[in-house]
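Now for the letters of each chain:
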Amino acid sequence: MVEFIGGACHPASRVDDPTIWTKGRNLLGGLASAFRGCFHRDRSVEFQTSPTTLRTGAASSVGHYRAENEDRCYNDCRCGVLLIADGIGGRPGGAMASRILVDTAPPVLCRAIAGHDVDAVRMTAAVREAMEAARQAMILRARRRPHYNCMGATMALAVIVDGVLYASRAGDCRVYHLRDGQIHRLTTDETFVQVLLDAGTINQQQVRTHPYRHHVLNWVGVDGLKHPIEATATQLAPGDRILLTTDGVTDVLDDEAIARVVDWRRYPQAAAEALVAEALDRDSRDNVSCVVADVVAVHEGDRAAETSPEALGMAAA
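Cut-offs applied
Residues numbered from 1 in each chain as written. Predicted model: local features only at pLDDT ≥ 70, side-chain atom pairs only at ≥ 80, totals over all residues. Heavy atoms only, no water. Phe/Tyr/Trp six-rings, centres within 6.5 Å; stacked < 30°, edge-to-face > 60°. Lys NZ or Arg CZ within 6 Å of the ring centre and 35° of its normal. Helix = DSSP H or I, 4+ residues; strand = E, 2+ residues; numbered from the N terminus. Contact = heavy atoms within 4.5 Å. Buried < 20%, exposed > 50% of the residue type's maximum accessible area, 1.4 Å probe, protein only. Arc of directions from axis to C-beta. Core = buried A, V, L, I, M, F, W, Y, C linked by side-chain atoms within 4.5 Å. pLDDT = per-residue confidence, 0-100. Salt bridge = Lys/Arg side-chain N within 4 Å of Asp/Glu carboxyl O. Lys, Arg positive; Asp, Glu negative; His and termini not counted. Polar contact = N/O pair within 3.5 Å; in protein donor to acceptor, adjacent residues only side chain to side chain.

## Regarding the packing of aromatic side chains
So, point 1. This structure, assessed with the given rule, holds one aromatic pair.
So, point 2. Lying over the aromatic face of Tyr65, Arg285 brings its terminal NZ or CZ to 4.3 Å of the ring centre.

Structure representation (structure tokens):
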């Protein structure tokens, strides 16, 4: 079963409803112009009053072979945070770890970057702070339930500030950037097979069948990160599409196949649903999840205000 998740996946007000978001953004833009320079600078507000805004969607499925969905998605237009988490399989508490991650990290990120000039260095520090907050929350849960002592989750994160996308990851969840039909992977998997691939020991065709292809080398969990997390910056433009996926998608679809599925669909929600459905059709053996966001220009207000036909009747998680 596919959970079709629209707007903010995290329990929050539906601020990214296209009509409400566009009207609210334009109102904020007028107020900000009138009072510019009179108040302390707040970067989360500046993003809302910049020439672009976000339109988002997400979808997740337990898949054909798993009893529980350990993936979690978060997409919030208020401070431009997109997050996807995948509980570590084979360990108790994988679903709990991914839930804690999406509950804990975004508020920390929004507080860390608000009112500051943001660059890759500051964002890296903010991401590390957010992941440590999630780890501490996992430790507290494990103290009450000792069988969760080894729980953890991989994740991919995108934060959009002033038209710049900051991407980060731990493990094998991915962040993609699509522009003019071209897809660019902004993260590198932290896996055993990626190490072999980088060393030239195996080729790309051997990755999908390697016996250790699911062996990850980094994750957010009780026992701490194995490698420090970094954030990389990419300049965005109106019309760009951002995609976050779990390995349930990338196990069965290469980058070009992903681009073919999501690039031509107008609305992010439709793209997210189509990508999950395609991975299931390709017989993915894992939970399958993705988050999609479009960078929409302000002067395209009429288009941004349109309601996606695919979103009608959609159940929010």
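## Structural notes on the environment of Leu243
So, point 1. Along the chain, Leu243 falls in strand β11 (residues 241–245).
So, point 2. Taking the C-alpha atoms as reference points, Leu243 and Pro268, 25 residues apart in sequence, are found 9.3 Å from one another.
So, point 3. When sequence neighbours within four positions are dropped, the list of residues in contact with Leu243 reads Arg174, Val175, Tyr176, Leu178, Ile258, Leu275, Cys290, Val291 and Val292.

## Structural notes on helix α5 (residues 192–199)
So, point 1. Burial in α5 covers these residues: Val193, Gln194 and Leu196. Viewed end-on, α5 has its buried residues packed into an arc of 160°, placing them on one side of the element. Structural note: α5 exposes Asp198 and Ala199 on the side pointing more than 90 degrees away from its buried face.
So, point 2. Next to the buried residues of α5 lie α6 (204–207).
So, point 3. One or two steps after α5, the chain reaches Gly200, where phi turns positive at roughly 80°.

## Some remarks on the nonpolar core
So, point 1. Ranked by internal contacts, the top residues of the largest apolar core, which has 40 residues, are Leu101, Met123, Met131 and Met155.
So, point 2. Secondary structure elements with two or more residues in this core: β4 (81–87), α3 (94–113), α4 (120–144), β5 (152–161) and β6 (164–170).
So, point 3. If one sorts the elements of this core by residue count, α3 sits on top with 11 residues.
So, point 4. Residues within four places of Met131 in sequence aside, it is in contact with Leu101, Ala105, Met155, Val220 and Ile229.

## Points about the confidence of the model for the protein
Low pLDDT means the predicted coordinates in that region are not meant to be read closely.
So, point 1. Taken residue by residue, the protein gives an average pLDDT of 82. The fraction at 70 or more is 78%.
So, point 2. Below pLDDT 50 for its whole length, residues 300–317 participates in 34 contacts with residues either more than four positions away or in separate chains.

## Here's the deal with the environment of Thr246
So, point 1. Mapped onto the fold, Thr246 is located in the loop between β11 and α7 (247–250).
So, point 2. In this structure Thr246 comes out as buried when scored by relative accessible area, which is 0%.
So, point 3. Sequence-wise, Thr246 and Cys173 are 73 residues apart; in three dimensions their C-alpha atoms are separated by 4.6 Å.
So, point 4. For Thr246, the contacting residues outside a window of four places in its chain are Asp71, Ile84, Ala85, Asp86, Cys173, Asn287, Val288 and Ser289.

## Some points on the pattern of salt bridges
Side chains bearing opposite charge may pair, as long as their charged atoms lie close to each other.
So, point 1. Under the definition given, this model contains 12 salt bridges.
So, point 2. In this structure, Arg66 engages Asp286 in a salt bridge whose closest nitrogen and oxygen atoms are separated by 3.3 Å. Taken as a pair, Arg66 in the loop between β2 (52–61) and β3 (71–76) and Asp286 in the loop between α9 (268–281) and β12 (288–297) lie far apart in primary sequence, 220 residues in all.
So, point 3. On the basis of relative accessibility, which here comes to 8%, the residue Asp286 falls in the buried class.
So, point 4. Note that Arg174 is salt-bridged to Asp189, the shortest N-O span being 2.7 Å. Here Arg174 is found in strand β7 (residues 174–179), whereas its partner Asp189 is found in the loop between β8 (182–185) and α5, with 15 residues between them in sequence.
So, point 5. Residue classification places Arg174 among the buried residues on the basis of a relative accessible area of 10%.
So, point 6. Through salt bridges with shared partners, a single network forms among Arg174, Arg185, Asp189 and Asp255.

## Here's the deal with the side chain of Arg72
So, point 1. If you trace the backbone, Arg72 turns up in strand β3.
So, point 2. Comment: no salt bridge for buried Arg72; closest opposite-charge side chain is Glu68, at 5.5 Å.
So, point 3. A polar atom in the side chain of Arg72 sits 2.9 Å from the backbone oxygen of Asn69.
So, point 4. In contact with Arg72, not counting residues within four places along its chain, are Leu83, Ile84, Ala85, Ala95, Ser98, Arg99 and Val102.

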